[in-house]
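Per-entry structural report
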Amino acid sequence: MTTVDRSTTEGASVRERAAARPRDMTERMNQYARAVAIGVLIAIIGVAAFGRFYTARFSGLVSTTAVEAAEVAQQLRYGHGMTTKVIHPLSLSYATPSGDNTVPQTRRAPLYPVMLSALFRVRGGGDASVAMFNGLMFLLTGWMVYVIGRMLWDRLIAILAVITYFISIAGIGAALSATGASLAGLFLMIGLWAALRGRVAAGEEDAPDTPPLRWPVIAGAALGLAWLSGMTSLMLLIPLAVLATTAGAARWRQAAVLAVTTAIIITPWLAYNWHATGSPAPALATYELITNTQTYPGASVYRTMPAEVGSPVAFAMSHPREMVRKVGEGMAMLYRGGPEQFTPYLFPFFILGAFIFAGGSLQRSLWRVVVAMFVLQALSISLWGRDLNGLQILVPVGLCLSVAALVAALRRTDSKRWTRIAIGAVIAALVIFPTASSAILGGKAPTDANLVDLQILRNILAEDAVVATDMPAAAGWYAGLATVGLPEDPSALA
């Protein structure tokens, strides 16, 4: 029989909350009313912040990742399946364009465009629809920030964490970049919540000796969905499993259930790739392994003909120095730019969480897991690409921990109450200023002149025309045309 240690801090906290549970209908109604009021407050703040920033700064999709995902969503909307009209030269290594000039989509994660296509069917496709979808994910993620903050700390910290997330340039920027980071971040927050909820449930006095498996199942499913949303490393399974498992022999059973659930969730995507390309790995995505190398600087490998590249794995194994240098340069870039994702003025408090959160507490466990996730995500980004957007999936939980550490530090000082409030207000102003200056003082980003040309092309060329261009994703999305990316040597298309 498995025994569960109920002497930890989280167990004591759960018992205190159980004693404070409402005992009559009036108390329950009051508690429900407070919950509704807080939910409405969170929604109002989130909608106001996102709406103001959207109207002041958003002028269209600027990220290639966002544009390619939107174009695939458009294909799904019209019933063409997981295909794309954006044809990279490397695509010709595993597929021949079909009669409608499309090839299987194997570069981007599938779940984000699938969910976008559902909104497109209701509202129509366009940059505004993409922004609306990501804004909704932004609001739902804010709610998860509150839920986790309330579970581990108190209502004040939870509300402050939500407000900080909603007004931070990192949170709003991740949503308006429309890369899928907001969706992946939401699922990751759900996975962390499920892992924490399982630990809390195991600490309750009436908990069964064998912990239920529903929480590892939810956590594993959420991580699988985060991976299918993009920008999420499967290596995050390791720290998430550590957080989700309780003490005792049952921990290995819980970890196995979490891992198996994640595998079940991602299996359909692997099967699709096997059917489309003969390999479970997404064919085009594997070439991220050799981007940003000396041989293929930046994303130039995607402008190279298949015969000139060969297998990306074989290249990596035969050029170890280039790979080591790539990872080293990537980690250096993340070292410089990583703190900006968590807001520079709050990142130091995230680090100080190591000394503020008590050892053995659930708060300390979450902090350690997030640090491990940050390191593993950074390693994955350095190896497979250099997109700082990959760190945005950790912004919500990172800001929650930072705010909690800041409030805890202020509460421990001997200063007067108003002094503590003033210090907190100054830090809040520093966090708000980048967002406020962009949303209030700044104007909309200028519209790309090339988009006007693309719209003209859509009216001039036939629907079955194929355009060779150095901006295939934008041409595919805005002009609705089949496009072929220009290779390094354009004569290779002949």
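Our subject is the structure listed above.
A brief report on the enclosed structure follows. Computed from a predicted structure; not experimentally measured. (Residues numbered from 1 in each chain as written. Predicted model: local features only at pLDDT ≥ 70, side-chain atom pairs only at ≥ 80, totals over all residues. Heavy atoms only, no water.)

Here the focus is the overall build of the protein chain. Helix and strand content of the protein chain: 20 helices and five strands. Across the 494 residues that make up the protein chain, the buried fraction comes to 52%. A separation threshold of at least 6 residues defines the contact pool for the protein chain, and within that pool the share at least 24 residues apart is 72%. Summing over all exposed atoms, the protein chain offers an accessible surface of approximately 22300 Å²; the carbon and sulfur share of this is 64%. (Helix = DSSP H or I, 4+ residues; strand = E, 2+ residues; numbered from the N terminus. Buried < 20%, exposed > 50% of the residue type's maximum accessible area, 1.4 Å probe, protein only. Contact = heavy atoms within 4.5 Å. Areas by Shrake-Rupley, 256 points an atom, 1.4 Å probe, with all protein chains shown as cover.)

Moving on: the environment of Thr 469. Position of Thr 469 among the secondary structure elements: in strand S4 (residues 466-469). Those residues within four positions of Thr 469 in sequence are excluded, and the remaining contacts are Ala 475, Thr 483, Val 484, Gly 485 and Leu 486.

A few words on the sheet that holds strand S5 (residues 482-485). Pairing in this open sheet of three strands is parallel, and the strands run S2-S5-S4 from one edge to the other. Lying at the two open borders of the sheet, with one neighbouring strand each, are strand S2 (86-87) and S4. Two strands pair when backbone bridges link them, and S4 and S5 are joined in this way by four bridges, in the parallel orientation. Bridge pairing in S5 links Val 466 to Ala 482. (Pairing = 2+ DSSP bridges.)

All told, the structure shown has five salt bridges when counted by the stated rule. A salt bridge links Glu 68 to Arg 107, with the nearest nitrogen and oxygen atoms 3.3 Å apart. Remark: Arg 107 occurs in the loop between strand S3 (103-104) and helix H4 (111-123) and Glu 68 occurs in helix H3 (residues 64-77); sequence separation between them is 39 residues. Judged by its relative accessible area of 15%, Arg 107 is buried. (Salt bridge = Lys/Arg side-chain N within 4 Å of Asp/Glu carboxyl O.)

Right, let's talk about the packing of helix H10 (residues 237-244) against helix H11 (residues 250-277) for a bit. For the pair H10 and H11, the least separation of the axes is 9 Å and the interaxial angle reads 140 degrees. Of the possible angle classes, the one that applies to H10 and H11 is oblique. Regarding H10 and H11, the two cross each other, and that crossing is right-handed. Listed contacts from H11 to Leu 237, Leu 240, Ala 241 and Ala 244 of H10 are Gln 254, Ala 255, Leu 258, Ala 259 and Thr 262. Across the contact of H10 with H11, the residue classes tally to seven nonpolar, two polar and no charged. (Axes fitted to C-alpha atoms, helices over the stretch in contact; angles between N-to-C directions. Parallel < 35°, antiparallel > 145°, perpendicular 65-115°, else oblique. Left-handed = near helix turned anticlockwise from the far one by under 90°. Nonpolar A, V, L, I, M, F, W, Y, C, P; charged D, E, K, R; others polar.)

Neither face of S5 is exposed, since Ala 482 and Val 484 on one face and Thr 483 and Gly 485 on the opposite face are all buried. Inspection of the sheet shows S2 paired to S5 by two bridges, in the parallel sense. Paired with Ile 87 across the strands is Val 484, a residue of S5.

Closest axis-to-axis distance for the H10/helix H16 (residues 362-384) pair is 9 Å, and the angle between their directions is 170 degrees. In this view, H10 runs roughly antiparallel relative to H16, as classed from their interaxial angle. Contacts between H10 and H16 involve Pro 239, Leu 240 and Leu 243 from the former and Ser 365, Leu 366, Val 369, Ala 372, Met 373 and Leu 376 from the latter. Here the residues of the contact of H10 with H16 sort into eight nonpolar, one polar and no charged.

Once that is clear, we can look at empty space enclosed by the protein. Taken as a whole and judged by the stated rule, the model has four cavities of 30 Å³ or more. As a volume, the largest cavity reaches approximately 100 Å³. The wall of the largest cavity is formed by 13 residues, among which Glu 68, Thr 84, Val 86, Gln 105 and Arg 107 lie closest to the centre. Here the element with the most residues in the lining of the largest cavity is H3; it accounts for three residues. Here the lining of the largest cavity is composed, by residue class, of five nonpolar, four polar and four charged. (1 Å grid on protein atoms, 1.4 Å probe; cavity = no way out; pocket = protein on both sides within 12 Å on 5 of 7 lines; lining within 4 Å. Points joined across faces, edges and corners; volume = space filled by probe spheres on them.)

Mapped onto the fold, Ser 382 is located in helix H16. A distance of 3.2 Å separates the side chain of Ser 382 from the backbone nitrogen of Met 331, its partner in a polar contact. Here Ala 378 takes part through its backbone oxygen, which lies 2.9 Å from a polar atom of the side chain of Ser 382. If we skip the residues at most four places from it in the chain, Ser 382 touches Lys 326, Val 327, Gly 330, Met 331 and Leu 334. (Polar contact = N/O pair within 3.5 Å; in protein donor to acceptor, adjacent residues only side chain to side chain.)

Take the packing of aromatic side chains next. Taken as a whole, this structure holds 16 aromatic pairs when the rule is applied. Aromatic pair Tyr 165 and Phe 166: ring centres 5.9 Å apart, planes at 40 degrees, arrangement tilted. On the accessibility criterion, Tyr 165 (4% relative accessible area) is buried. Overall, the relative accessible area of 0% leaves Phe 166 in the buried class. The ring of Tyr 302 carries Arg 107 above its face, with NZ or CZ at 3.8 Å from the centroid. (Phe/Tyr/Trp six-rings, centres within 6.5 Å; stacked < 30°, edge-to-face > 60°. Lys NZ or Arg CZ within 6 Å of the ring centre and 35° of its normal.)

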